[in-house]
Every structure is written in C-alpha cells, then in structure tokens.
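Structure at a glance
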Amino acid sequence: MGTIATLPGEMIIKGGILYDPTTRESRRQDVAIRNGRLVETAEISSSKAQALDASGCLITHGFIDVHAHFREPGREDKETLATGSRAALAGGFTRVCVMPNTDPPIDDPEGIHFVLERSEGLPVTIYPIGTVTKGQDGNELAELLEMRAAGALAFSDDGLPIQNGEVLRRALRYVRELGVPIINHAEDVYLRAEGIMNESALSTRLGLPGNPVQAEAAMVYRDCLLAEDVGGRLHIPHISSTLAVELVRRFKERGGAITAEATPHHLGLTEEAVRDFNTHAKVAPPLRTEDDRQAVVAGLIDGTLDCIATDHAPHTIEEKEQDIYQAPFGMIGLESAFGMAHSTLRKAGLTTEQVIDLFTTGPARVMGLGLTPLVPGQKAELVILHPDEKWTFTREDIHSRSRNTPMLGMTFTGRVRGTIGRNMWFKAPENS
Amino acid sequence: MSEPTVTLQHLLGLEGVSKQDIQILLDTGFRFREVLDRPIKKVPTLTGINVVNLFFESSTRTRISFELAEKRLSADVTNFTASSSSLNKGEGLKDTIQNIHAMKMDAVVMRHPAPGSTKQLSQFVDAVVINAGDGTHEHPTQGLLDMMSLQEKFGRLEGLKVGIIGDIAHSRVALSNIFGLNTVGADVMVCGPGHLIPPHISELGVIVNGDVDEVLSWADAVNVLRIQRERMGEGIIPSVREYRSRFGITTERLARHKREIVILHPGPMNRGVEIDSDVADGDQAIILDQVLNGVAIRMSVLYHLLAPHQPLEET
C-alpha cells in the first residue's frame, strides 16, 4: 500500500519531465518544494530535503475531480471528507468537487459552511456543490445565491435527475448571471424505470430490467434545449451513450454554453461487466455497449466532452453483497481513475499529456477554477506519473473507506507514483 | 454400470448448458418416471444428503414438486419460506449465505425475486445450488420439464417448432425455454403484446411474431404463459377482454387451425384469459404431464448433482 504522510518542509523531485498543462509545455526539470510552494532548486538544502526519484515520470498539476461523493454528513460508514481526500490524493487528485446528496443533503449555506469547515486541513482542496432543489425534492429551488456566497462551486441534485423541466429552467435562469454550472443527472426516470443495466440483448439474456439509451438522450436533449434558450451554464455528468455524445456535439456546434464529462468506467468498461450479476458494476447511468464506449472515447478525443470525472460513489460491502435489485448504484473510482482512463485513451491515440489535460485544464474550465502555471511561488499541487508503468489494481491501492469497484484485478498502463497535496503527500509503493 | 454424468456443478440456468448434459438429464428423468409409476415411489439414492428449499417468493407448485422429488430420493429436506418483506428489511443474500454455511447443507434449492441471486449464492457456498426461479431470469427445471414433456409427446426435440405466447419480458420460463430449446435444435417463436417482448430478444435466436394465429399456423407446440393480472391494475395490459381477444388461446381460435397443436402451460393458469378451460383440459394439452414430469426431472437433476456416481440400477 502506498503511504500518505505529512509533506516535508523541503522536497526535491529529481529526474522527471515537468509538464505544465496551463502552457502545454514540457521540459526536463527537477522540481523543488519548500513549505508547500514551488521554489527554485537552488533554494533547497540537499541535506534537509526529501528527495524523490522521478526518472521516467511526468510531473504535472494535481488532478481536479468535478464529481465525487464523499457521503459526509450522514453516511460516514461509506466515506468521509477525510477518507475521501486520502483516496483522492492516492489517485493523483488535489482538488475535488463533492456532490451534495448527503444525508441530509447540502441544500443551504450552513451545509456549504459545514463541508468547508470539515475540509480544513485535509490533503486536497474540497469544493462543495449545493443542491438545486430543497432536500433534492426536484421541486422547490434551494437558496442558490446564498449557497454560492457561502462557497458553493456549482449546483446539482446528482443521484436524482430533475425530472420537472420547468424547475431546471428556473434554476438555469436564477443563477445565469453567476456563470456557475447546473449539473443535471441525465436520465428520464420514467424511461429508466426499474432499469438495472443497459437495455440490450444481454439484459434480456440475464432477465434484468433494462435502462435504454433513450432515457439518457431524452434528458440530455431537453436540458440542452433549455440551456440554449435560457443561456445558462449546463454541465452534463457521466455521459454513457453514443446518442448523448452526438447530442452534446450538436448543441455545442449551435453555440450552447454546455459542458460534459466522461467517467473512467464508461471509458474502459462495457455492460459485459454485469454479465455475472456483479453488483459492483451496477452504476447509473449504466455501463453500455462497446459501440457506446467507443463513442464516449471519441467524444473526449474530439473535445465534445470536456473532462474526465470519477463519479466516485462509495458504498459498503454489505450493501453491495445484496442481490442485484437491492444493491445500490455506484462504484468508487478515485484511485483507479488515471490508470483506467490513461490505458484506454492512449490505446485510442491520445498522448499522456492530452490525458493529463482532461484531468486538469478540462475540469478547471468546466468549474471556472483558476489553474496557475507550475512556476516558483505557486502552491505545489503536483502529481507524479509514470506513463508506461503497468500495474494491477488491488485492494492495497484503495484508500477509500469503501471497496465497491469491479476493476479489482485489472491491469492498467500508467500509474500515479506520487501526489503532493496541501499538507500531505502520497507515495506509491516501489515497483509493486 | 456407471451412469453418464453431467459436467454441471450447479443448475443455475439453461444458458450455456450443453446439449449432452440436457439429454442426460432428460434421459434420467424418463427413468425416474418409471420410479414414479411403482407402488412404492421412494428410492434411497440421496440418503444422508441434506437439502434445503429456500423460497423467498411464494410458489406452491414448484416447492411441492422439489420437495416430492427430494423425498422420493430419500434426502433429508428442510423447507424455509421467507417472505419478500424480510428481504426488504435487509435480510438479504449475505444472511442466507451465512446461514447455509452454518447449517452445513449439501444442496440449496432457491427461489428468489432477484435475477442472478442463485449465481451469487453459488459463488459463496460449498453446497450445490439449484435455481428454482430467480426473478425474471431463469427457471431451468421448468425448461427441462417442458422439454421432457415435448420429447415424450413427439419422440424428438430437434427440429421441433415451439411457440411461446404471453408476457415474455417478465417470464423466467420463456428464457429457460429459449436457451434449452435452442441448444437441442428446436426452433422458437415468441409472441405477445409488443411492449412485453424484450426489444433485443431476436438476438437470442428466436423469431418474434405479434400475431398469435401465425404462430399457431407454424408451431408444433405452444407454451402459453400466465398473464399476471396485477399488470392490468398497473395499466400495462389494457384489459382482460382485449388480451383474450388478441393473445388468448381460445377454443374458437384453436379450432380455426385444423392441425394438432400441443399445448403447454407452466401454471398457474388464468382460465378464460390466456387459455380457455376447454383447451387446458382438452386432448391437445399436456399440462398434467408437465406436472408429473416436473417431479421426475427434478429427481434427475438432484441425482446428477448430488449422487452422480451411484448407479441408478441400485435404486
């Protein structure tokens, strides 16, 4: 298992290539850190500094996840802000936006304050997202302006779609001037019905209720139409199907202020993962066909989709060991995100640097976060990656409180070897 | 003399079960039919073997059929009927698995509302697992008894044309019939209200036809599925009248087809809805043969999975 420890006062990362996603420039360079900030290497005392060998590695900006569920308050048995932060750091992330579908949901400024206060001193920066509607009821708008003032970065009822189109339109209008995105889980609940997995020959074969691609596409289409009309910022999470990718492409061409994300599991897995009734592969929206998977990959490559987001959704083993109807939707994803996405996208023709962009500048643009260049004086938010290292994802790699992932045992190309967070740093085990 | 043995460890479904294994199970089923015709219908084959019938859904017919099969093979039988409500209280598969471990059972016959539940169970327990119906997935012993009844009637299965009529989408019987019949070389046509036919079912190697009369013109036998009347309350099926008129196997409809069509029904029947009483009780129906064959084929399955090396003659 990798280690997470207090960041030493001085650190020098040697022998790697620094890739700055803000300028897209790479150069061979040792990277020096003092008291959590980047400094000139000459300022580091070699006797005091922790030295890190980064031979063969890229050193770049820490990743940003625009979509994770940390379950605090209410379901701390699944994940807390603290355990989720450690999982994020182990995955190469230094900033995480957390969804508000906690218990109770984060639907008022006090909730936003709670998350921010509980996140102080954690190794990654936590950005709270507030709900769109009170208690995620899908009807009454929550105090969006007050939550924004308290520090909410975006608004979403994620986990639940806003089924009432007028409510979504109202929300887009209400926050339009703020320029923050409304993130709507794109599934028509009536079309999704009891769907457990993608509707296909396989779902028929398994006797499982199917969730058709039209459930996603119909909602994406409706939401894009509303965003286009209102002019508000719409972000579409976890795109899973060819149809949805095509719709986003079309609406972007028409000039809509629309962004969208893809998850590593929709990039790397298909509905075949459910064939053995594996509850760990039960996720919403569902894993779909190979054609859909390829369309999502293509969407990231041509820029239709803006970034990679994990949709890290921890659940207890007890919950996932239930039968497939009762087991909840969702899988964890922070620790496996880079391995899975990089393996898939590099095979599809992207460079490691382009994949890094989808984990850094892409999500920063979606959420309106500033990314500073990797130059002396800036905060050290770094990830060290070995792009060619092959590794097998095991329980030992998981720092999350949960273990619900169908990816255990999969071999990836490209590994996070270290992450420098706010006050902590993660170091992967040597040659494991 | 050693008996032919099946390659199966569990019977979780008919998908993927080889033609040879199906034929062995059917052949042994016919031999157990002879046992059922004896004055004393009990053999000592599974003496000392513990079998639990674990039913999370009510099912009088299947449970009694399994229980009879187990008792006629002299197994020690435990019945456990859990209400669906206990599942909702969180008494899920995990508890079931732990209990079965603790009770040191040799075999579990399980009916459960969730597809794949028997497969999940088989991954965690040492016991032999037999699927007695897992939600809308499979009901493999029903599929086998249907095949046994067809083979008894026609003397063959290969090349037979079988129609399955009714709510295909919610039927575990349909899937087991499709997988089993496809494997042995029979042709299958499915028919029912369009929205109750799964959209991709033709990829499973069946023909889809919305016209019952066309199915009856084509088929050697039709398996008529029960319509769940609660679906009318849900507005999924508009009315009994319309269903009967469009999809029911009525006396008049059958009379229009001047050919012998064998009628199967997995029961329980809604007489006067999907099937008329005259048809169900008529000469063309082999519904009671299915019930008898159900016991025999379940004896065959239990025998092959639990006592495969014991020669049948010694029973």
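Our structure is the block above this text.
Throughout what follows, the structure given in this document is the object of discussion. The structure displayed is predicted, hence computed values, not measured ones.

The helix and strand inventory of chain B stands at 13 helices and 9 strands. Rg of the C-alpha trace for chain B: 19 Å, near the compact-globule value of 20 Å for 315 residues, within the 12% margin. Expressed along its principal axes, the backbone C-alpha trace of chain B runs to roughly 55 × 50 × 35 Å. A buried classification covers 57% of the 315 residues belonging to chain B. In chain B, the proportion of contacts linking residues at least 24 apart, taken out of those at least 6 apart, comes to 74%. Of the roughly 12700 Å² of accessible surface on chain B, 49% is carried by carbon and sulfur atoms. Charged side chains of chain B number 31 positive and 39 negative; the gap between the two group centres comes to 4 Å.

Facing 18 residues of chain A, the contacting portion of chain B comprises 23 residues. Interface area for chain A against chain B, summed over the two sides, is near 1800 Å², with a carbon-plus-sulfur share of 55%. The residue R205 of chain A makes a salt bridge to E15 of chain B at a minimum N-O spacing of 2.8 Å. Looking at the side of chain A that touches chain B residue by residue, the class counts come to 6 nonpolar, 6 polar and 6 charged.

Attention shifts here to the nonpolar core. If you look at the biggest cluster of nonpolar residues, it comprises 76 residues, and the most contacted ones within it are F155, I236, L267, L345 and F359 of chain A. When residues of this core are assigned to their parent elements, the largest contribution, 7 residues, is made by helix α7 (residues 213–230) of chain A. If we ignore the near neighbours within four places in the chain, the residues touching L267 of chain A are A262, R293, V296, V297, L300, I308, A341, T344 and L345 of chain A. Core analysis: the second largest hydrophobic core is formed by 66 residues, V43, L145, M147 and L204 of chain B among them.

Time to look at the sheet that holds strand β8 (residues 221–224) of chain B. Residue and element names in this part refer to chain B. The strand order across the open sheet built from 5 strands is β7-β6-β5-β8-β9, with neighbouring strands paired in parallel fashion. The two strands at the open ends of the sheet, each matched to only one other strand, are β7 (207–208) and β9 (262–264). Sheet contacts for helix α6 (residues 140–154): β5 (161–165), β8 and β9; angle to β9, the most-contacted strand, approximately 160°.

Throughout the structure, instances matching the rule amount to 36 salt bridges over all chains. R24 of chain A serves as the salt-bridge partner of D357 of chain A, at 3.2 Å between the closest nitrogen and oxygen. Pair noted here: D357 of chain A is in helix α13 (residues 352–359) and R24 of chain A is in the loop between β3 (17–20) and β4 (25–28), with a separation of 333 residues, a long-range link. With a shortest N-O distance of 3.2 Å, E67 of chain B and R63 of chain B are connected by a salt bridge.

Our focus in this paragraph is the side chain of H238 of chain A. Residue and element names in this part refer to chain A. Within the secondary structure layout, H238 lies in the loop between β16 (234–236) and α8 (242–253). Given a relative accessible area of 1%, H238 falls into the buried group. With sequence-adjacent residues up to four places away left out, H238 is seen in contact with H67, D158, H185, E216, E261, T263, H266, A284, P285 and D311.

Cut-offs and rules
Residues numbered from 1 in each chain as written. Chains lettered and ligands numbered in written order. Predicted model: local features only at pLDDT ≥ 70, side-chain atom pairs only at ≥ 80, totals over all residues. Heavy atoms only, no water. Helix = DSSP H or I, 4+ residues; strand = E, 2+ residues; numbered from the N terminus. Rg over C-alpha atoms; globule rule 2.2 N^0.38 Å. Buried < 20%, exposed > 50% of the residue type's maximum accessible area, 1.4 Å probe, protein only. Contact = heavy atoms within 4.5 Å. Areas by Shrake-Rupley, 256 points an atom, 1.4 Å probe, with all protein chains shown as cover. Lys, Arg positive; Asp, Glu negative; His and termini not counted. Charge placed at Lys NZ, Arg CZ, Asp CG, Glu CD. Buried area = accessible area lost by both parts, 1.4 Å probe. Salt bridge = Lys/Arg side-chain N within 4 Å of Asp/Glu carboxyl O. Nonpolar A, V, L, I, M, F, W, Y, C, P; charged D, E, K, R; others polar. Core = buried A, V, L, I, M, F, W, Y, C linked by side-chain atoms within 4.5 Å. Pairing = 2+ DSSP bridges. Axes fitted to C-alpha atoms, helices over the stretch in contact; angles between N-to-C directions.

No statement about biological role is implied by the geometric values presented.
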